[in-house]
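Listed here are the chains, written in short residue letters.
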Amino acid sequence: MKPFTYERARSPAEAAAAAARIQGARFIAGGTNLLDLMKLQIETPGYLIDVNGLALDKIETTPEGGMRIGALVRNTDLAADDRVRRDYGLLSRAMLAGASGQLRNKATTAGNLLQRTRCPYFYDTNQPCNKRRPGSGCAALGGFSRQHAVVGASEACIATHPSDMAVAMRALDATVETVRPDGSARSIPIAEFHRLPGDTPHIETALAAGELITAVTLPKPVGGKHIYRKVRDRASYAFALISVAAVIQRDGSGRVALGGVAHKPWRVEAAEPDLPRGAKAASAGLLADATPTRENAFKLLLVERTLGAVLTEARA
Amino acid sequence: MKFDTPATTNPIDQLKIIGKPTDRIDGPSKTAGTAPYAYERHDIVANPAHGYVVGSAIAKGRIASIDLTDAKAAAGVLAIVTAENAGKLAKGSLNTASLLGGPEIQHYHQAIAVVVAETFEQARSAAELIRVDYIRAEGAYDLAAAKNSAAKPATDEDPPDTAVGDFAGAFATAPVQFDATYTTPDQAHAMMEPHASMAAWDGDRLTVVTSNQMIAWGARDLATTLGLPRDRVRMISPFIGGGFGGKLFVRADVLLAALGARAAGRPVKVALTRPLIFNNTTHRPATIQRIRIGATRDGRITAIGHEGWSGDLPDGKPETAVNQTRLLYAGANRMTATRLAVLDLPEGNAMRAPGEASGMMALEIAVDEMAEKLGLDPIEFRILNDTQVDPEKPERKFSHRPLVECLRMGADRFGWSKRSAQPGRTRDGRWLTGIGAAAAFRNNVVQKSAARVRLDPRGVVTVETDMTDIGTGSYTIIAQTAAEMMGLPLNKVVVRLGDSTFPVSAGSGGQWGANSSTAGVYAACVKLREAVAQKLGFGSADVVFADGEVRSGNRSAPLAKAAGDSGIVAEDTIEFGDLDKKYQQSTFGAHFVEVGVDAATAEVRIRRMLAVCAAGRILNPKSARSQVIGAMTMGAGAALMEDLVIDERSGFFVNHDLAGYEVPVHADIPHQDVIFLDEVDPISSPMKAKGVGELGICGVGAAIANAIYNATGVRVRDYPITLDKLLDRMPAVG
Ligand SMILES: Cc1cc2nc3c(=O)[nH]c(=O)nc-3n(C[C@H](O)[C@H](O)[C@H](O)COP(=O)(O)OP(=O)(O)OC[C@H]3O[C@@H](n4cnc5c(N)ncnc54)[C@H](O)[C@@H]3O)c2cc1C
Ligand code: SF4
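Residues numbered from 1 in each chain as written. Chains lettered and ligands numbered in written order. Predicted model: local features only at pLDDT ≥ 70, side-chain atom pairs only at ≥ 80, totals over all residues. Heavy atoms only, no water.

**Quick look at the overall build of chain A**
If you tally the helices and strands in chain A, you get 11 helices and 11 strands. Its C-alpha radius of gyration of 19 Å places chain A within 12% of the 20 Å reference for a compact globule of 316 residues. Here chain A holds 316 residues, and 57% of them are scored as buried. By sequence separation, contacts in chain A at least 24 residues apart represent 62% of the contacts at least 6 residues apart. For chain A, the exposed area adds up to about 12,700 Å²; of that, 50% sits on carbon and sulfur atoms. Each charge class in chain A was averaged separately, 41 positive and 31 negative side chains, and the resulting centres sit 4 Å apart. (Helix = DSSP H or I, 4+ residues; strand = E, 2+ residues; numbered from the N terminus. Rg over C-alpha atoms; globule rule 2.2 N^0.38 Å. Buried < 20%, exposed > 50% of the residue type's maximum accessible area, 1.4 Å probe, protein only. Contact = heavy atoms within 4.5 Å. Areas by Shrake-Rupley, 256 points an atom, 1.4 Å probe, with all protein chains shown as cover. Lys, Arg positive; Asp, Glu negative; His and termini not counted. Charge placed at Lys NZ, Arg CZ, Asp CG, Glu CD.)

If you want it as structure tokens, here you go:
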């Protein structure tokens, strides 16, 4: 771990300005991801800006009848919020399927969206990894890739985004609210927030340098049955091999996002009209142009079958 | 004390304290955090500096150059030790690869340097400034590819091959034949406490506080490695946060703490970081196993053959996965063969029930498959082929072998009769459910073991032995033994373990620890009883030790009185004659498991487990049960998730942390029962006990595999049984 300077930010705008101004600065929220990566020398910020004291930890109802979730709301609090449980059950279920109670007590909304991949080669600084060291190559290609992406991957990187929460957010059409270093605010639809790896897998989101997440907003509730199904080898405390986040209406229409299959929460709106026709049809659209490796090809069948089980559960 | 004839009645048989489910005497300090572990023994080693270990970035080759300039200049750095400046080092007799590599590199993450600094953070940050140029060499990392080059291992312990009768002929002519190949992956001990040591020099005397299962081996090998006379090294390891065989030997933390302390001129402590442990230390090697069984149509085995392949570094050891097949089932024509390939992966070595754990995972699926082929109930097939003698040497009887009782009792308690013999027929909502069983078998080994007991004027008996407690309950059963022998309550016994200045014990390994070490304490207590009787002038024949008193005829005296002002000390060693040659001593059991397999995703979730064990006298049913359920849990991990994945291009275990190497969590283990058969085995020791710590893992993986088959009709012969191996043969969804 490199020595670093630590500072508590006083306002969101100041935090953003400082982060843009200071070379190698990073925000720290719960620290459950960033600190681990710093200990392993995967992240080497020389400057940490603590954003915990910025009063960004409120959950509010928006004038449109939706919800505004502060960037610093802890995962535990968000999952337990009555309105979330009633109107956005998908989100609550996804969060409770992730990590452990202790971690969720620390983990924040923004930090969860920005957590980095669990590709094991990313975690071993002896190995080539374009995400960690751009241009060094991708050890996972041709290596151990059981948990890696099957859609939207590139020759440069086949990593997945590990979050459960973000998959639910994607299905719920969330919007990420930020403040930029010049003090202006902007809204980024979740669909555009995470990027595919392309040639630049080290650039993971649409955030500009120094840009601070202040909140995530959800549109007004859409009703329907909210099902989050996380598939994993061990029963708890494991990242998803794949996950299915679905909101299914009485008439069989609905929306679905997938975790564990791509560099971002994966949703293909064009495939959703096929949901009433069943899992096979819908997953064909969701996973069109899949490029699995030999080790993770099973994910295609797994998605189809899991979606099938989710649709059955929704009908029941 | 020489133990060479079966035990007769002795004070242990009173069972006033032995055999009771006593809470662990170290439990309160464990739960209160006052049982100190190696890394925190600042009471023994004051003001230690911190060492951070650097592991090799390549699996095989050479270090062309190491540049320490920047690291040496970093804040707080006191010393950096590499093979270049470490001085001459030898290799301990139990290490395969060198603990400090360079210039030659033998495996990935082999230690190549230790950076010593004032703080841990400084040492770690400086370590990252070390620049190493490597020259990579080609290595062999794939067991399947190396299988054909595997050779008969040179070993003086077990013979690699055995043959009785005409296996080939009998198998070829058997009316029913079965032939299949199974694989088990490399596995990690993944104990909670990392390997950690503190070292302090006083002139040429070295004291290390460490986490080690075998103190005498450790002190000897450390002295050898450093070129010191044995008596200059003191090793202390009173509390150990899990070992499972991963701490049987001196590892890099011990050596580098010692070298770092010498270089820095100050005590040093070193813990291996979690990502380093998987490739730096030892692991259970992967196996390929071919099993052939021939039987008559009514289910009698006429031919049984088991071949096993594993790999290790040059001069390493095989995984003896075939050995239990020499003993478990009857059959006139038999063969076993162990072959060892050279692989350049990290060192393979013992992990909980080496040999049997892997061997039973394969054998007990094969037996299930053969039973199905014969149209027999798998339990009945096992019972039909039971043997009460060593099938390779029929003149040798088992000391005691209630395998059939274990199977029958387990079947009864678990509800085996409700199992559908047809697989894939039972459904509970979204779950396909199934029941599976397997025999459990693990040899019982006895080892010479010594102890010293001291009776003080307060009437307290203190036991000292270099035995270790790796979380198993050694403290407690040793205290129970001394209390029973001396007629004292438990709170009048003090137990001190894990110090090389104490008499040499059996140590913790191969499930020999409990029986052998308590037998050593028994021997020392017999001497102490004699000394007490003599001191009191009691005739020793009729002396009774009870309720803190010594009685003889109508005379009695408090035990404390015999101690006088200076106390009485007695020391003895239990040494085992050839009873273990005359009789085959083994432990037996039966595992029963019910699983649910998600019909859509093929996720396997265990619903309940039962083990029925026959392992001699159970010294403490509570700690014994903990051992068995822990082993069952570990077996569940082996069956369902544990897999050190090899990158065959660069030759290392990729998933080298606890996020990547999954072991079961609570949610994976819903319900476990353990039943111990009421048994004493006077042939094993004066304690009449046997090992139980490893029995619980042997066979459980196969019971799970058999349950999965019963649930789904899908046979998986390659562990771990993850959902991707079942998925395409699961029923249609919806
Ligand atoms: C053992 C373990 C198991 C886990 N299992 C799961 C799991 O099953 N499912 C799952 O979804 N997650 C899992 N996680 C990940 C966990 O959810 C994340 O670590 C957590 O959500 C990160 O939140 P944080 O607040 O601690 O982020 P931090 O570590 O503080 O920050 C993460 C990143 O976000 C940036 N950041 C933080 N706040 C802001 C902001 N307001 N604006 C801009 N940038 C910001 C930081 O600079 C940093 O780069 C697991 C983690 C661990 C350690
Ligand atoms: S998949 Fe991405 S994160 Fe993993 S090694 Fe390749 S580039 Fe790095």
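**As for the sheet that holds strand S14 (residues 287-295) of chain B**
Residue and element names in this part refer to chain B. The mixed open sheet is built from five strands, whose spatial order is S8-S16-S15-S14-S9. Each edge of the open sheet carries a strand with a single partner, namely strand S8 (161-164) and strand S9 (176-184). On average, adjacent strands in this sheet sit at an angle of 10° to one another, irrespective of strand direction. Inspection of the sheet shows S9 paired to S14 by nine bridges, in the antiparallel sense. By the bridge assignment for S14, Thr184 is matched with Thr287. (Pairing = 2+ DSSP bridges. Axes fitted to C-alpha atoms, helices over the stretch in contact; angles between N-to-C directions.)

**Here we look at unusual backbone geometry**
Phi is mostly negative for residues that are not glycine, and the peptide bonds are mostly trans. Note the cis peptide between Gly102 of chain B and Pro103 of chain B, where omega equals -5°. Here Pro103 of chain B lies in the loop between strand S4 (77-82) and strand S5 (104-105). With an omega of -5°, the peptide bond between Tyr719 of chain B and Pro720 of chain B qualifies as cis. Relative to the elements of secondary structure, Pro720 of chain B occurs in the segment after helix H17 (700-712). Positive phi values are uncommon outside glycine, yet Gln41 of chain A reaches one of about 65°. Within the secondary structure layout, Gln41 of chain A lies in the loop between helix H2 (34-39) and strand S3 (47-50). Given a relative accessible area of 22%, Gln41 of chain A falls into the partly exposed group. A positive phi angle, near 60°, is found at His109 of chain B, a position not held by glycine. Looking at the secondary structure, you find His109 of chain B in the loop between S5 and strand S6 (111-117).

**Digging into the packing of aromatic side chains**
Residues and elements named next belong to chain B. Going through the model one piece at a time under the given rule, you end up with 15 aromatic pairs over all chains. For the ring pair Tyr37 and Phe239, a centre distance of 6.3 Å and an interplane angle of 55° mean the geometry is tilted. On the criterion of sequence distance, the pair formed by Tyr37 in the loop between helix H1 (27-32) and strand S2 (49-55) and Phe239 in the loop between strand S12 (233-236) and helix H7 (252-264) is long-range, its members being 202 residues apart. What makes Tyr37 partly exposed here is its relative accessible area of 22%. Its relative accessible area of 12% is what places Phe239 among the buried residues. (Phe/Tyr/Trp six-rings, centres within 6.5 Å; stacked < 30°, edge-to-face > 60°.)

**Remarks on the site of ligand 2**
Residue and element names in this part refer to chain A. Taken together, 14 residues sit near ligand 2, with Cys119, Cys129, Cys138, Cys157 and Ile158 positioned nearest. Using a 2 Å cut-off from the grid points, one finds that ligand 2 occupies the largest cavity. Per-class residue counts for the shell around ligand 2 are 11 nonpolar, two polar and one charged. (Near = heavy atom within 4 Å. 1 Å grid on protein atoms, 1.4 Å probe; cavity = no way out; pocket = protein on both sides within 12 Å on 5 of 7 lines; lining within 4 Å. Sits in = over half its atoms within 2 Å of the grid points. Nonpolar A, V, L, I, M, F, W, Y, C, P; charged D, E, K, R; others polar.)

**Description of the site of ligand 1**
Residue and element names in this part refer to chain A. Close contacts around ligand 1 come from 33 residues, with Arg26, Phe27, Gly31, Thr32 and Thr108 the closest. In this structure, an oxygen atom belonging to ligand 1 sits 2.7 Å away from a side-chain N or O atom of Arg26. Interatomic distance of 3.4 Å between a backbone N/O atom of Asn112 and an oxygen atom of ligand 1. About the coverage of ligand 1: the protein hides 94% of its 980 Å² of free accessible area. Those elements that place two or more of their residues in the shell around ligand 1 are strand S2 (25-28), H2, helix H7 (109-114) and strand S8 (212-218). Top element by residues in the shell around ligand 1 is H7. It accounts for four residues. Looking at the shell around ligand 1 residue by residue, the class counts come to 16 nonpolar, 11 polar and six charged. (Polar contact = N/O pair within 3.5 Å; in protein donor to acceptor, adjacent residues only side chain to side chain.)

**Observations concerning the interface of chain A and chain B**
Across the contact, 35 residues belong to chain A and 39 residues belong to chain B. Taken over both partners, the interface formed by chain A and chain B buries close to 3,000 Å², and the fraction arising from carbon and sulfur atoms is 55%. On the chain A side of the interface with chain B, the three residues burying the most area are Asp233, Arg234 and Arg305 of chain A, jointly 24% of the side's total. Linking chain A with chain B are three salt bridges, by the criterion used here. Salt-bridge contacts for Asp598 of chain B lead to Arg229 of chain A; the nearest nitrogen and oxygen are separated by 2.7 Å. Here chain A and chain B share 19 residue pairs in polar contact (both at pLDDT 80 or more) between them. Elements with a contribution of two residues or more to the side of chain A that touches chain B: strand S9 (225-231) and helix H11 (298-315) of chain A. Per element, the largest residue contribution to the side of chain A that touches chain B is eight residues, and it comes from H11 of chain A. Split by residue class, the side of chain A that touches chain B holds 17 nonpolar, nine polar and nine charged. (Buried area = accessible area lost by both parts, 1.4 Å probe. Salt bridge = Lys/Arg side-chain N within 4 Å of Asp/Glu carboxyl O.)

**Considerations on the domain arrangement of chain B**
A common measure of how large an interface is: the accessible area buried when the components associate. Residues and elements named next belong to chain B. Each assigned domain of chain B is listed with its residue range as follows: domain 1 (2-35 + 446-578), domain 2 (45-138 + 189-280) and domain 3 (390-444 + 585-729). Here the C-alpha centroids of domain 1 and domain 2 sit 37 Å apart. In this assembly, 20 residues from domain 1 lie in contact with 19 residues from domain 2. Where domain 1 abuts domain 2, roughly 1,300 Å² becomes buried across the two surfaces, and 58% of that area is made up of carbon and sulfur atoms. Scanning the region where domain 1 abuts domain 2 turns up one salt bridge. Across the salt bridge formed by Arg234 and Asp499, the nearest N and O atoms sit 2.5 Å from each other. Counting every contact that joins domain 1 to domain 2 gives six residue pairs in polar contact (both at pLDDT 80 or more). (Domains from an automatic or database assignment.)

**Section: H11 of chain A**
Every α-helical turn comprises 3.6 residues, leaving residues that sit three or four positions apart pointing alike. Residues and elements named next belong to chain A. Taking 1.5 Å of rise per residue, 18 residues should cover 26 Å, and H11 covers 26 Å from first to last C-alpha, within 8% of that figure. Among the residues making up H11, those that are buried are Phe298, Lys299, Leu302, Val303, Arg305, Thr306, Leu307, Gly308, Val310, Leu311 and Ala314. Buried positions along H11 lie against S9, strand S10 (242-248), strand S11 (254-259) and helix H10 (279-286). (Expected span 1.5 Å × (residues − 1).)

**Overview of the sheet that holds S2 of chain B**
Residues and elements named next belong to chain B. On the basis of which strands lie adjacent, the open sheet formed by seven strands has the order S4-S6-S2-S13-S10-S11-S12 and mixed pairing. Only two strands of the sheet have a single partner each, and these edge strands are S4 and S12. Here the average twist between neighbouring strands, direction ignored, is 20°. Both S2 and strand S13 (residues 268-271) contribute to a ladder of three bridges, which runs parallel. Following the sheet pairing, Ala49 is matched in S13 by Val268. Here helix H6 (residues 215-226) sits on the sheet in contact with strand S10 (196-202), strand S11 (205-210) and S12, set at roughly 140° to S12. Of the strands in this sheet, S2, S4, S6, S10, S11, S12 and S13 touch H7, which is tilted by about 35° from S10.

**Some remarks on the pairing of S4 of chain B**
Residue and element names in this part refer to chain B. Burial within S4 is extensive, with five of its six residues counted as buried. Across five bridges, S4 lies against S6 in antiparallel orientation. Within S6, the residue paired with Ala79 across the bridge is Val116.

**Considering empty space enclosed by the protein**
All names here are of chain A. Overall, the coordinates contain seven cavities of 30 Å³ or more when judged by the stated rule. Estimated volume of the largest cavity: approximately 100 Å³. Lining the largest cavity are 17 residues; nearest its centre among them are Cys119, Cys129, Cys138, Ala140 and Cys157. Taken together, the residues of the lining of the largest cavity break down into 12 nonpolar, four polar and one charged. (Points joined across faces, edges and corners; volume = space filled by probe spheres on them.)

**Overview of the packing of H6 of chain B against H7 of chain B**
All names here are of chain B. Between H6 and H7, the shortest axis-to-axis distance is 11 Å and the interhelical angle comes to 50°. Overall, the two elements H6 and H7 adopt an arrangement that is oblique. Regarding H6 and H7, the two cross each other, and that crossing is right-handed. Here H6 contributes Leu222, Thr225 and Leu226 to the contact with H7, which in turn contributes Val254, Leu255, Ala258, Leu259 and Arg262. (Parallel < 35°, antiparallel > 145°, perpendicular 65-115°, else oblique. Left-handed = near helix turned anticlockwise from the far one by under 90°.)

**So, helix H9 (residues 356-374) of chain B**
Residues and elements named next belong to chain B. Given a rise of 1.5 Å per residue, 19 residues ought to cover 27 Å, and the 25 Å separating the end C-alpha atoms of H9 matches this to within 8%. The buried fraction of H9 is high, at 17 of 19 residues. A positive backbone phi angle near 70° is found at Gly375, which sits one or two residues after H9.

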